[in-house]
Amino acid sequence: MQIKLGQNLLGANAAIAGEIRRLMEEKGILLLNLMSSPGAGKTTLLEKTLAALKDRLRLAVIEGDVATTKDAERIARLGIPVVQINTHGACHLDAAMVRDVLPAFDLDGLDLLIVENVGNLVCPAEFDLGEAMKVVVLSTTEGNDKVPKYPLMFREAGALLLNKIDLLPFTDFHLDELADDLGRIHPGLPRFDLSARTGEGMDRWSEWLLAQVEERRRR
Amino acid sequence: MALMESLVGVLASEAPRHNIAKIKKVKLTVGALTHALPDALQFAFSVLREQPLFAPGAELEIEERETRGRCRDCGVEFAVEGNFGFLCSGCGGFAVEIIQGRELQIDYFEGD
């Protein structure tokens, strides 16, 4: 006997993501899904972003990692509520993992919840976590080819952070080529060139993020 | 592997509802833009089909779909080359909507 299904394989994930999205809207929280390759500098960038915003916004973080709690420990040092999810080998977070840790936070007392996804440019783009926005981090040391190789990630993103801009003179990275590629894949994508290490460009990004949170709160 | 585990999850809840004890075949449609590699899916399936839900030698058929876009400006539909050419082949516009290529769908399953 043949049973027609026509069911999306990620349908269960999408349903949970929808629940999370409704909850975040109800609580007026901006949920951000931060993604990049391993080593692009997500955690350092997150630390610096949190330090810049922690006196102005009520923040919390969900750290996704294949194993280890190293990143969560770095965030906890800033005095910001953080929950670690270990995926035990899975290359991305899914909506159920996020839903299951939400009770660890005081959702009525939050403005911005940032999920640091597992370092990987492929699978995380496919799994909706109920976020209001995906932010993708690319670093100058990774080379220009990441954009054409992983177009979905860059298409889905609400903002692109080009990190390690201080290392630009030592790499073969071309800003013109990045602009061309983004023009083809995602014209109009807000882009911030910065260095989390030196702090260059961090103000512009932090202010923009603050404006996004305020816009969400007003709605 | 995670995708195949969710496939097994869906089948484990659907099969009993249709009184199917042993699944013999599953048909999937996979879009190019998902980056789900058919060979990797087949490998993951070959491991997971050892579960009692499946009949011995259960088969996974995968239909691959190319990425296609539709221009919001001029309405032209076209194949997105190499997953990258999100530029309208008709008017050169950028406002291209993805109409095919993101599928990850279980079309049907068969069993007794």
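Residues numbered from 1 in each chain as written. Chains lettered and ligands numbered in written order. Predicted model: local features only at pLDDT ≥ 70, side-chain atom pairs only at ≥ 80, totals over all residues. Heavy atoms only, no water.

Enquirer: How should the pattern of salt bridges be read in this particular structure?
Expert: As a working rule, side chains carrying opposite charge can pair if their charged atoms are close by. Tallying each qualifying case throughout the model produces 28 salt bridges over all chains. Put simply, Arg58(A) and Asp111(A) hold a salt bridge, and the shortest N to O gap is 3.0 Å. Remark: Asp111(A) occurs in the loop between α4 (95-101) and β5 (112-116) and Arg58(A) occurs in the loop between α2 (42-53) and β3 (59-65); sequence separation between them is 53 residues. Exposure remark for Arg58(A): the relative accessible area of 42% places this residue in the partly exposed category. For the salt bridge of Arg70(B) with Glu77(B), the shortest nitrogen-to-oxygen distance reads 3.2 Å. The class of Arg70(B) is partly exposed, set by a relative accessible area of 30%. Beyond isolated ion pairs, a larger network of salt bridges with shared partners links Glu126(A), Glu131(A), Lys134(A), Glu156(A) and Arg102(B). (Salt bridge = Lys/Arg side-chain N within 4 Å of Asp/Glu carboxyl O. Helix = DSSP H or I, 4+ residues; strand = E, 2+ residues; numbered from the N terminus. Buried < 20%, exposed > 50% of the residue type's maximum accessible area, 1.4 Å probe, protein only.)

Enquirer: How should I be thinking about the UniProt feature "domain: CobW/HypB/UreG nucleotide-binding" (unreviewed entry) in chain A in this particular structure?
Expert: What UniProt calls "domain: CobW/HypB/UreG nucleotide-binding" (unreviewed entry) maps, in this numbering, to residues 33-189 of chain A. Annotation note: span residues 33-189 of chain A, helix share 30%, strand share 21%, distance between end C-alpha atoms 16 Å. (UniProt positions renumbered as here; feature names shortened; annotations may be inferred.)

Enquirer: Please explain the nonpolar core as it appears in this structure.
Expert: Nonpolar side chains in soluble globular proteins generally cluster together in the buried interior. Judged by nonpolar contacts, the single largest core of 30 residues is most densely connected at Val26(B) and Leu28(B). If one sorts the elements of this core by residue count, helix α1 (residues 2-17) of chain B sits on top with seven residues. With 29 residues, the next largest nonpolar core counts Leu30(A), Val61(A), Ile75(A) and Ala196(A) among its residues. (Core = buried A, V, L, I, M, F, W, Y, C linked by side-chain atoms within 4.5 Å.)

Enquirer: Can you walk me through the environment of Ala12(A) in this structure?
Expert: One can find Ala12(A) in helix α1 (residues 11-27). In this structure the C-alpha to C-alpha distance between Ala12(A) and Ala95(A), which are 83 residues apart in sequence, comes to 9.0 Å.

Enquirer: Just to check I follow, could you spell out the environment of Pro52(B) for this structure?
Expert: Residue and element names in this part refer to chain B. Inspection of the secondary structure puts Pro52 in the loop between α2 (38-48) and β2 (54-65). Here Pro52 falls in the exposed class, since its relative accessible area comes to 64%. C-alpha separation for the pair Pro52 and Ala2, spaced 50 residues apart in sequence, amounts to 19 Å. Dropping the residues within four chain positions of it, Pro52 is found in contact with Ala21 and Lys22. (Contact = heavy atoms within 4.5 Å.)

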